[in-house]
Amino acid sequence: MANLTEKILLPHRDDLNDPYMIGDELVFFVNGKKITERQAEPEVTLLTYLRRKLGLTGTKLGCAEGGCGACTVMISKYHPHLGRLVHHSVNSCLAPVCSLHHCAVTTVEGIGSVAGKLHPVQERIAMSHGSQCGFCTPGIVMSMYALLRNNPTPRMVDIEEAFQGNLCRCTGYRPILEGYKTFTTCRFQVNVLTVCCQGNILLPAPLYNPADFQPLDPTQEIIFPPELMSLVKTQSPTRLSFMGERVLWLQPASLDELLDLKARYPNAKLVVGNTEVGIEMKFKNLLYPVILAPSYIPELNTIEHTDLVFGASCSLTVLGDVLKTAVASLPTHQTGVLIAVLEQLRWFAGLQIRNVAAIGGNIITASPISDLNPVFMAAGCKLTLMSKAGPRVVVMDENFFPGYRRTILTPEEILLSVLIPYTVKYFAAYKQSPRREDDISIVTSGMSVTFAEGTAVVKEMALSYGGMAATTVLAKYTASGLLGKQWGEELLQDACASLAKEMTLHPSAPGGMVTYRRALTLSLFYKFYLTVQRKLAAEVKNGVCVEVRADYVSATEIYHQNTASSVQIFQVIPEGQKEEDVVGRPMMHLSAMKQATGEAIYCDDIPLYENELHLCLITSTKAHARILSIDTSEADVMPGVVTCVLAKDIPGSNVTGPAFYDETVLADHTVTCVGHIIGAVVADTQAHAKRAASAVKVSYEDLQPVIITIQDAITHQSFYQPIRTLQRGDTKQGFTQADHVLEGEIYMGGQEHFYLETNATVAVPKGEDGEMELFVSTQAPAKTQALVAKALGVPANRVVVRVKRMGGGFGGKESRSTILSTVVAVAAHKLKRPVRCMLDRDEDMLVTGGRHPFYGQYKVGYMKSGKVVALKVTFYSNAGNSMDLSFSVSIMERALFHMENSYNIANVWGRGYPCKTNLPSNTAFRGFGGPQGMLVAESWINDVAQSLGLPTEQVRRLNLYKQGDTTPYSQILEHITLDRCWDECLETAHYKQRRAAVDQYNRNHRWTKRGLAIVPTKFGISFTAAALVHIYTDGSVLLTHGGTEMGQGLHTKMVQVASRCLDIPTSKIHITETSTSTVPNTSPTAASASSDLNGAAVQCNAMHSVANPLLGRQHPDIILNPDPNLTLVAHLMPLFRRAFLRTPDLGYDFETNAGRAFNYFTYGVACSEVEIDCLTGSNTNLHTTIVMDVGNSLNPALDIGQVEGGFIQGVGLFTLEELKYSPQGYLFTRGPGMYKIPAFGDIPTDLTVSLLRDAPNQKAIFSSKAVGEPPLFLAASVFFAIKDAITAARAESGLSGPFRLDSPATPERIRNACEDRFTKMCPPALPGTFTPWAVTV
Ligand SMILES: Cc1cc2nc3c(=O)[nH]c(=O)nc-3n(C[C@H](O)[C@H](O)[C@H](O)COP(=O)(O)OP(=O)(O)OC[C@H]3O[C@@H](n4cnc5c(N)ncnc54)[C@H](O)[C@@H]3O)c2cc1C
Ligand code: FES
Ligand code: FES
C-alpha cells in the first residue's frame, strides 16, 4: 500500500526527457468504432468511460465490485502468441480503461436494437419473460453473447458457467435459463402446461413459442475491427504510459523493462485483472500512485508443459483450460493436484472475474481465504520470483506468507511463474462458502497424503487451511503426528483431536462463525479421510484398508449440479374471448425488448445536464453520538468540489419521515446509527465528490445507551409506541383444555432489498417560483414530492417527481428513498444547478435499511391429535432509529395479522413490540411483516408435530382454515381456496411417494440427508390508486396511473386492462412514466395491490372514455364502473379522464377487534425437497411445487414471473441472506462480495408452478388477485425441508424432538444443528466470555 505522499517519487508530469511522461494515446474500439483517448485516466473504469464519456448507458452499474454482472461487456483481443482472437465476458466496473489498449469492446448496444434488429440473445430473454425490471438484463445478455461467440452450440453446463457472475433479483432465473436453453444442442421441450376451463385437461400452450425466435447466425456477428487487427499484427509491443490526476499507469513492453520499473518504483503495484487492486482503491480508499501493467509480457503469459509451469499473468480461465486438457491426457496418478485446482476454480468467482484475474494476483494478494493458496501450499508448488538481480525459486510453504496479506517478495521482486507438481496422488481440495457460486470462502483447504509403498501407512502429509488464521496455514503439528500411522479409525480419531487443538480460533475472530469454522476443519478432513480410504481400498488389494461403508460414500462425492427443469401450469383463455382481447394472455413485458437492448432508460441513464454536479453523502461512523463539529475545510479545497451541504442549508424543514415526522433530512445535533446522513459533498464528478466526502472530519461525543440488537432493546425497554395486542377467545382456558403445552422461540434475520439499481435522483431546479423537477427511482412519487417540498419550504405544486422505471424496488424505495431525493433537491436548490446522485452499492446498503429482523416467543396448547387450541405469541422487531413503516399496517401490525398463518385457532393472543435501536431505520420489504409473522407460526406448528411424533403435513392440514372460519381479527374467510391449493400441491408434488423416497434415502445415507416440507400461506391484501387516460386526435392513447414500474409488469397489465376496456389494440396505448404532475396524491406502489387498484382505476377511467368518438366507436350503454366493491370518484371530460380509487370498507380497530383488515386474501401452498451435507451444512434445493391462487390471472407470464421471483427472494431470506453487524452497529455486509442473494445455481433443480384454475376473485380487476408479495413466504417450505433433513441427521446422534433453528438456515446453522462427534470436539465459547465479531441484531 502507498499513500499520496509517494507521489513525490513520481517523475514530474512536465519532464519531457522522461520517456514515461510522454502521455500515450490509448487506442481501442467500442462496437466497431475507433476510440482514441489522449487523456486516459488510470483511475477511470471502462464502465464509467462507456456511460459518461461515450453515452452508452446500456451497460449498468450494480455494485462496482465485480459481484453482480450488470456491467458485463465482451472484450476481444488478438493474441499474437496464440495466433487467434479471444472473446471474453468482463466486468467493465473493474476493468481500467487504460488496460484496453488495442482491444475491441462490445456492449449491449453494439449487438442489436429495437429500431434495428434485436440479436437473438436479446430477443430470447425478452420473449421468454426473462426480463422484469431489466436492470440485470444487459449484463446477462452480454454473458450469453460472449459465450456464443466462443461456442455457438453450448451445452447447458456452459450456460450455467457463463452466468456464475450474474445476479438477478426479480425473475428467479428460471425463465432466463429456459429461454437460453434454446441455444443448446438439447432439443427444446415445451414444458409449459395450460389447463382448460374444466380444469382437468392439460394442454401444451407455452408462455411463449420458441418457433418465433429468430435463429442464431454466427456468420452475422460483428467482426473484429480490421484496422485493429492490422494494428496488432503489424506493431510490435511498445511501452505505454498514461498519467492521470493521481496515478501513473505504465505498461512495459518487456520483462527487463518491467524489472527496471519495479526497481525504480518499488511500491508500484502490478495490475493484471485489477480484481483485487480495483476493490482496494474503490472501497478501501487506498491509492497506488504507480501502476505497472504486465499483461502483455510473454514470460508472464507462457505455459510450460514438461513441468506444468504457468506465467504469473495467466488468467484463471487459461489455467482452467490448460488443466482440463492435462487431466484428460495424463494418467490418473499424476492428476490429483490438477483436479483439485480445477475443483477450486469451479467455484472461484464468476466467469467474468476468472477471465481476467491472474494466478499471480491470487497468490500475491495473500488473502487468508484465497482458494488457490491452500492447494498450492499442500501440493508444495514452486514459485519463481524475479528482480533485476535475477530469479530465485521458493516453495510455497508456511514461510511464504509472513503476515496478513503479506508475502516474502521484496519490493523490487515480481512473481514470474508457478510450478504445479504432477506428482501427488492422494490429494483433495475443499471450499466452503455461504453460497456455492461466486462466493468467498469461509474455510478452504488443500490436503495431500502419500503412503509407504503397498501399504496404508502415512509417509508424507500436508494439511493446509485458509480461513483459520491471518494467513493460509499448514496444520504441521497434526500432519507430523500422523506420520507412520495406518489410515484407519484410530488415525482419524487422532487427527481430529489434534486438529481441534491446532486449528483454534479466538471466539472474537474476524469473520465470526468460529464454532462452525472449527468444526469445518475436522469435517473437511473427515471427507478427505473417507475419500482416501475409498481409493486405498480399491487400489491396495491386500486388505490393508477397509472399504468405506456404503451409507458413508455420499460424503466423498463432489457436488454435481443437475440442470434445472420446470413446469408451469395455468388456465387457458375461455372459449369465445376475442383474439384481440389480451387480458389473461401471457403477454411479454412491454419494455422487455428495450431492456434487453439497453435502450430502456433508468434514472442514472438520463444524459448529463450541461452544468450538472454530482453528490456524495457524508454519513456517521458512530451508532449513537453527539456531533461536536463538522470540518469540511480539507474537502472544500479538493479538486472539483463545489460545496458541502449540511443541515443549516435546508431552506424549509429539516424534519422528515414517511409516516411520522421523527427523522431529520440531515443530522444536526446527534446521530443515531452508523450510516446516519450528516451532509453531502457536491462536486464536478462522482469520483471527486466521493474523495472529498471521505475527507470531511466529523468529531463526536459518544452517547449511551447504544442499542443494536433486539435483546439490547428488551433490556432497555426501548420500544416504539403504541404496542399492539391482538386477541381472540380465552387463551388461559385454551391452555387449560389442551393435552399439551409447549414453548419455543425463533429469530429471523433481516434482509437487504438488493434491487439491482441502487437509489438514484436527479434534481433539476427550474429557475422560477421555486420549481424543481426530480427524476427519481422511487416507488412513492407523491411522498417524495411532499417531503422534498417540505424541506425546500415550497408548496407541493412547485415540485414534480417523475419515475420512468426502477431497476427493482421490493419496498426498499417506498419510503427510504425520500431522504436521498430530499438531500439532492436541497443541494440543487442551494447551487441552482442540476445535481445527481446514484448511491454506490455500499452506501445504499449502509443507509437505507431493509427487512425488519424479528424475534418471536411462543406458547402453544394442542390436543393429542395435533389440533392447536391456544396460542400466545410475542413479536419483537428491530425497527432501527426511526419509526418509518415499522409500526403501522406495514410491518408489526401485518406480522400480528399473519401470526396464525393459515391455521384456525380458537384462542389467540399476540403482542408486537417494534424495538427502537441504533441501526438504520428498517422499512418495507415484499410481504412487510407477513413473512416474519408466518415463519413464527410455521415454527410452532412444526414443533407441535415433532413433539407428538406426527407427520408435519398431517398437523398442518388438520389446522388449516376452512370456508367460513374467522381470523383472530374477526374477518370471516370467504371463497377460501387453501384446501384446493393444498390438495393440488400434494398431488402435483407426489408428496406421498416423495416422502417415502426421502425416508428411504435417509436410511441409506449417514452424511447427506434429505428433507421434505409442505407449507401454506394466506396473505391479506388491502391500499389507493388513480389513473388518467389521454386520447389524442389520432386515436392513440396515453395512459398514466399512480403505480410505478419496477419490473413487476404493472404497466403491461394496465395496458392490457385499458386495451380490453377501450376495445383497442395494445399498440395504440402507451405509458411514458409515473409523474406527480399527471396523477397526484397516489399511494406508493406496494403491498401487492397495485394492479388491483391501478387496474381498477384504469378500468373506471377507460370505460368512461370508450364513448369517445376519437376512438372511432360509440358505446352508449357502458356507464360508470358498476362494480359495487369499488369506491369511484371519476369525472368526465372529453379528451382526458382521471379516476381515483381506494379499497372499500377497510379499517380495523385493535381496541375493539372490529372492522375489516383486508379486502381479500391470496392463498398458496408450496412443497419443497432439499438435500443437506451434514458435514459442511451446504444445501441443495432439489424440488419445489407451488400452487398459487391468483384469481383469474391478468397475465400468466407476468404472474408466474412474480411467483417465481418472489419465491427465490424468499429462498434468499430463509436460507442465505445474512446481514452482519458489529457489536457497535457497523454493517460489514455492504455489497455482493459479502452479502449473498440467490444466484442462478440456487433455484430448485425441479420447479413446478401452478396457478390455480377456476378461482375468480370478485374483489379485484377482472377477477384477478394480487400476486407480488404472497409467494415470497412459500420459500419457508425450503426452510422447513432443511429442518426436516436436520431432524434426520440429529436422529443419527440420538437426538429427537423439537429444536430451535433460526432463519436463515445457512450452512453454518445447518452444520451446527447436525450435532455429531466432530461438533462435540469444537464446543462454542460460553456466551458473555467474549465480544463476538458480529451480533444477532
Ligand atoms: C467478485 C470477486 C470474486 C472473487 N472471488 C474469489 C474467489 O472465489 N476466491 C479467491 O481466492 N479470490 C477471489 N477473488 C479475489 C481475486 O479475484 C483474486 O485474488 C485474483 O486472482 C486476483 O488477480 P488479479 O489479476 O485480478 O489481481 P490484481 O488485482 O491485478 O492484483 C492483485 C495483487 O497481486 C499483485 N500482483 C499481480 N501479479 C503479480 C506479479 N506477477 N508479481 C507480483 N505481484 C503481482 C498486485 O500487485 C496486487 O497486489 C474475487 C474477487 C472479486 C472481485
Ligand atoms: S457493477 Fe460490475 S459486477 Fe456489479
Ligand atoms: S430483472 Fe433481473 S434484476 Fe430485475
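Just so we're clear, the structure is a prediction, and the values are computed from it rather than from any experiment.

A. Local environment of the overall build of the protein. When its secondary structure is counted, the protein shows 36 helices and 50 strands. Taken against the 2.2 N^0.38 rule, which gives 34 Å for 1337 residues, the C-alpha radius of gyration of the protein at 31 Å falls within 12% of a compact globule. Oriented by its inertia axes, the alpha-carbon framework of the protein measures out at about 90 × 75 × 65 Å. Counting every position in the protein, which comprises 1337 residues, the buried fraction comes to 65%. In the protein, 77% of the contacts between residues at least 6 apart in sequence involve partners at least 24 apart. Carbon together with sulfur atoms contributes 54% to the accessible area of the protein, which is approximately 46000 Å² in total.

B. Examining unusual backbone geometry more closely. Geometrically, the link from Gln721 to Pro722 is a cis peptide bond, its omega value of -5° lying close to zero. Relative to the helices and strands, Pro722 is located in the loop between helix H21 (710-716) and strand E30 (724-728). In this structure, the amide linkage connecting Ser1303 to the following residue, Pro1304, adopts the cis form with an omega of 0°. Mapped onto the elements of the fold, Pro1304 is located in the loop between helix H34 (1276-1292) and helix H35 (1307-1313). Here the phi dihedral of His129 falls at roughly 65°; this positive angle occurs in a residue that is not glycine.

C. How the structure looks around the site of ligand 1. The environment of ligand 1 is formed by 29 residues, the closest being Lys269, Leu270, Val272, Thr275 and Asp371. Taking Val272, its main chain carries an N or O atom lying 2.8 Å from an oxygen atom of ligand 1. One nitrogen or oxygen atom from the main chain of Glu276 is found 2.9 Å from an oxygen atom belonging to ligand 1. In isolation ligand 1 exposes 990 Å². Once the protein is present, 93% of that is buried. Mapped by element, the contributors of at least two residues to the shell around ligand 1 are strand E10 (269-270), helix H13 (359-365) and strand E16 (414-420). Of the residues forming the shell around ligand 1, the biggest block, four residues, is contributed by H13. Its residues assigned to classes, the shell around ligand 1 comprises 14 nonpolar, eight polar and seven charged.

D. Just the sheet that holds strand E20 (residues 473-474), in detail. Strand order in the open sheet formed by four strands is E17-E18-E19-E20, with antiparallel pairing between adjacent strands. In this open sheet, the two edge strands, each paired with only one partner strand, are strand E17 (426-432) and E20. Taken together, the two bridges between strand E19 (residues 458-466) and E20 define a ladder with antiparallel strand orientation. Residue pairing for E20: Ser464 is matched across the bridge by Leu474. In the packing of helix H11 (residues 336-346) onto the sheet, the strands contacted are E17 and strand E18 (443-451), and the crossing angle to E17 comes to about 10°.

E. Highlighting the UniProt feature "binding site: [2Fe-2S] cluster 1" (unreviewed entry) in the protein. Under the local residue numbering, the UniProt record ascribes the feature "binding site: [2Fe-2S] cluster 1" (unreviewed entry) to Cys63, Cys68, Cys71 and Cys93. In summary, the annotated positions, though distributed over 31 residues, converge in three dimensions, the widest C-alpha pair being only 10.2 Å. When you line up the elements, Cys63 lands in the loop between helix H1 (46-53) and strand E3 (72-79). Residue classification places Cys63 among the buried residues on the basis of a relative accessible area of 2%. Setting aside residues no more than four positions away along its own chain, Cys63 makes contact with Cys68, Phe283, Arg841 and Pro1232. Setting aside chain neighbours within four positions, we find Cys71 in contact with Leu47, Thr59, Lys60, Val90, Asn91, Ser92 and Cys93.

F. How the structure looks around the packing of helix H27 (residues 930-948) against H34. Running from N to C, H27 and H34 cross one another at 30°; their axes reach a closest spacing of 11 Å. Relative to H34, the element H27 lies roughly parallel. As for the relative orientation of H27 and H34, their crossing is right-handed in sense. Residues Leu935, Glu938, Ser939, Asn942, Asp943 and Gln946 of H27 form the contact with H34, whose own contacting residues are Ala1276, Phe1279, Phe1280, Lys1283 and Thr1287.

G. Focus on the pattern of salt bridges. Taken as a whole and judged by the stated rule, the model has 58 salt bridges. For Arg816, the salt bridge is made with Asp884, and the minimal N-O distance between the two is 2.8 Å. Taken as a pair, Arg816 in the loop between strand E34 (799-803) and helix H24 (817-831) and Asp884 in the loop between strand E37 (868-880) and helix H26 (892-897) lie far apart in primary sequence, 68 residues in all. Across this residue pair, the class does not change: Arg816 and Asp884 are buried.

H. Molecular detail of the UniProt feature "binding site: [2Fe-2S] cluster 2" (unreviewed entry) in the protein. Those residues carrying the UniProt feature "binding site: [2Fe-2S] cluster 2" (unreviewed entry) are Cys133, Cys136, Cys168 and Cys170 in this numbering. In summary, the annotated positions, though distributed over 38 residues, converge in three dimensions, the widest C-alpha pair being only 9.3 Å. Mapped onto the elements of the fold, Cys133 is located in the loop between helix H2 (120-127) and helix H3 (137-150). With sequence-adjacent residues up to four places away left out, Cys133 is seen in contact with Cys170, Gln595, Tyr602, Met806, Gly807, Gly808, Met1046 and Gly1047. One can find Cys168 in the loop between helix H4 (156-162) and helix H5 (174-181). Accessibility expressed as a relative area gives 6% for Cys168, which makes it buried. Other than its neighbours up to four places away in sequence, Cys168 contacts Cys136, Ile140, Tyr173 and Ile1237.

I. The environment of Leu308, seen in detail. Secondary-structure assignment places Leu308 in strand E13 (residues 308-311). By relative accessible area, Leu308 is classed as buried at 0%. Excluding its chain neighbours within four sequence positions, the residues that come into contact with Leu308 are Val322, Leu323, Leu338, Val418, Leu419, Ile420 and Tyr422.

J. Fine view of H11. In terms of burial, H11 is a largely internal element, nine of the eleven residues being buried. Gly336, Val337, Leu338, Ala340, Val341, Leu342, Glu343, Gln344 and Leu345 are the residues of H11 that are buried.

K. How the structure looks around the confidence of the model for the protein. Averaged over every residue, the pLDDT of the protein is 90; the share at 70 or more is 91%. Here residues 1106-1136 is a poorly scored stretch, pLDDT under 50, and it has 67 contacts once near neighbours within four places are set aside; other chains count.

L. The sheet that holds strand E14 (residues 382-387), seen in detail. Spatially, E12-E13-E16-E14-E15 is the arrangement adopted by the five strands of the open sheet, whose pairing is antiparallel. Lying at the two open borders of the sheet, with one neighbouring strand each, are strand E12 (303-304) and strand E15 (390-395). Note: E14 against E16, five bridges, orientation antiparallel. Paired with Lys382 across the bridge in E16 is Leu419. Helix-sheet contacts for helix H7 (residues 255-264) involve E14 and E16, and the interaxial angle to E16 is about 125°.

Rules used throughout
- Residues numbered from 1 in each chain as written.
- Chains lettered and ligands numbered in written order.
- Predicted model: local features only at pLDDT ≥ 70, side-chain atom pairs only at ≥ 80, totals over all residues.
- Heavy atoms only, no water.
- Helix = DSSP H or I, 4+ residues; strand = E, 2+ residues; numbered from the N terminus.
- Rg over C-alpha atoms; globule rule 2.2 N^0.38 Å.
- Buried < 20%, exposed > 50% of the residue type's maximum accessible area, 1.4 Å probe, protein only.
- Contact = heavy atoms within 4.5 Å.
- Areas by Shrake-Rupley, 256 points an atom, 1.4 Å probe, with all protein chains shown as cover.
- Near = heavy atom within 4 Å.
- Polar contact = N/O pair within 3.5 Å; in protein donor to acceptor, adjacent residues only side chain to side chain.
- Nonpolar A, V, L, I, M, F, W, Y, C, P; charged D, E, K, R; others polar.
- Pairing = 2+ DSSP bridges.
- Axes fitted to C-alpha atoms, helices over the stretch in contact; angles between N-to-C directions.
- UniProt positions renumbered as here; feature names shortened; annotations may be inferred.
- Parallel < 35°, antiparallel > 145°, perpendicular 65-115°, else oblique.
- Left-handed = near helix turned anticlockwise from the far one by under 90°.
- Salt bridge = Lys/Arg side-chain N within 4 Å of Asp/Glu carboxyl O.
- pLDDT = per-residue confidence, 0-100.

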